[in-house]
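Survey of secondary and tertiary structure
In case you want the letters, here they are:
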Amino acid sequence: MILLRLFWEFFKTGLFAVGGGMATLPFLYDISARTGWFTAAQLADMIAVSESTPGPIGVNMATYVGFTTAGVPGAVIATLGLVTPSVIYVDAAFYGLRPCSVGLIAAAGVLVVKVALLNTEAFAAGGALFELFRWKALVLAALLLVFTRAVKKTKKLHPILFILASAVVGVVFGF
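Residues numbered from 1 in each chain as written. Predicted model: local features only at pLDDT ≥ 70, side-chain atom pairs only at ≥ 80, totals over all residues. Heavy atoms only, no water.

On to the packing of aromatic side chains. Tallied over the entire structure, the rule returns 4 aromatic pairs. Summarising the aromatic geometry, the rings of F7 and F11 are spaced 5.9 Å apart at their centres and angled 25° between planes, so their arrangement reads as stacked. One end of the pair, F7, and the other, F11, are both in helix α1 (residues 2-16), 4 residues apart, so they sit about a helical turn from each other. On the basis of relative accessibility, which here comes to 27%, the residue F7 falls in the partly exposed class. Using a relative accessible area of 17% as the deciding quantity, one classes F11 as buried. A centroid spacing of 5.3 Å and a plane angle of 25° characterise the contact between F130 and W135, whose relative ring orientation is stacked. Three or more aromatic residues joined by ring pairs make a cluster, and in this case those are F7, W8 and F11. (Phe/Tyr/Trp six-rings, centres within 6.5 Å; stacked < 30°, edge-to-face > 60°. Helix = DSSP H or I, 4+ residues; strand = E, 2+ residues; numbered from the N terminus. Buried < 20%, exposed > 50% of the residue type's maximum accessible area, 1.4 Å probe, protein only.)

See the structure below:
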């Protein structure tokens, strides 16, 4: 039963102690007061040991408390309890961030296309569809697409070469 309680106490700590190892301290003081597993003086020793050993302080503290409470099994269980919320949250957060990242990158791509290939000011002023496009930039973009995707000899060149070539073309032809 002590192992289950260790896991639960450190699971809650890992779930709510956002901000690093020192953010676990209020939770550890609370655990000390409620369980009696260690005293405030022992907690100060744990902090000193955890700070001086390699690894994250929160994990070191969980391992130390678990070990002093229930030996090696307690150390393992307390450490697992502390890191489990992070593993669950990080996996779920990254799953949720993927579509967000795609959307942000797509939005940036649309903005770059609008700025680089479209001349909305000239179109708004003149109203002619021909004025909407920056024709030199469209030709350069089409050439880059062909050279990076279709031409076998240039397809495998490093992207920085295409960026440099585009810069030269832009300067020479006054983009």
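This is not the end of the story, as more comes after the structure.
On inspection of all chains with the given rule, the structure shows 4 salt bridges. Put simply, K12 and E9 hold a salt bridge, and the shortest N to O gap is 3.6 Å. Here E9 and K12 lie together in helix α1, a separation of 3 residues that amounts to about one turn. Assessed through its relative accessible area of 4%, E9 is described here as buried. Several salt bridges share partner residues, and in doing so they unite R5, E9, K12, D30 and R34 into one network. (Salt bridge = Lys/Arg side-chain N within 4 Å of Asp/Glu carboxyl O.)

With that settled, consider the packing of α1 against helix α4 (residues 57-117). Where α1 contacts α4, the axes come no closer than 7 Å and their chain directions differ by 40°. Taken as axis vectors, α1 and α4 run oblique relative to one another. Considering the relative orientation of α1 and α4, their crossing is right-handed. Along the lines of polarity and charge, the residues of the contact of α1 with α4 split into 16 nonpolar, 7 polar and no charged. (Axes fitted to C-alpha atoms, helices over the stretch in contact; angles between N-to-C directions. Parallel < 35°, antiparallel > 145°, perpendicular 65-115°, else oblique. Left-handed = near helix turned anticlockwise from the far one by under 90°. Nonpolar A, V, L, I, M, F, W, Y, C, P; charged D, E, K, R; others polar.)

To continue, consider a nonpolar patch on the surface. Taken together, the side chains of L157, I160, L161, I163 and L164 make up a nonpolar region of the molecular surface, amounting to roughly 450 Å² of accessible area. In this fold, L164 is placed in helix α8 (residues 159-172). (Patch = residues over 30% accessible without salt bridge, like charges linked within 9 Å, V, L, I, M, F, W, Y side chains within 5 Å. Areas by Shrake-Rupley, 256 points an atom, 1.4 Å probe, with all protein chains shown as cover.)

Here α4 contains 61 residues, and its C-alpha end-to-end distance of 52 Å is more than 12% below the 90 Å for a straight helix at 1.5 Å per residue. Of all the bends in α4, the greatest reaches close to 150° and is centred on A70; the proline P73 follows between one and four positions later. (Expected span 1.5 Å × (residues − 1). Bend = angle between axes of the 7 residues up to and from the residue.)

A few words now on a positive patch on the surface. A cluster of basic side chains, namely R149, K152, K155 and K156, defines a positive patch on the protein surface. With respect to the element layout, R149 can be found in helix α6 (residues 135-149). Here R149 falls in the exposed class, since its relative accessible area comes to 59%. (Lys, Arg positive; Asp, Glu negative; His and termini not counted. Charge placed at Lys NZ, Arg CZ, Asp CG, Glu CD.)

What follows is about the packing of α1 against helix α2 (residues 25-35). Two quantities define a packed helix pair, namely the angle between the helix axes and the distance between the axes. Between α1 and α2, the least distance of the axes is 10 Å, while the angle of their chain directions is 150°. Judged on the interaxial angle alone, α2 and α1 are roughly antiparallel. Of the two possible hands of crossing, α1 and α2 adopt the one that is right-handed. Contact residues: α1 offers R5, E9, F10, K12, T13 and F16, while α2 offers F27, L28, I31, R34 and T35. Among the residues making up the contact of α1 with α2, the classes are represented as 5 nonpolar, 2 polar and 4 charged. (Contact = heavy atoms within 4.5 Å.)

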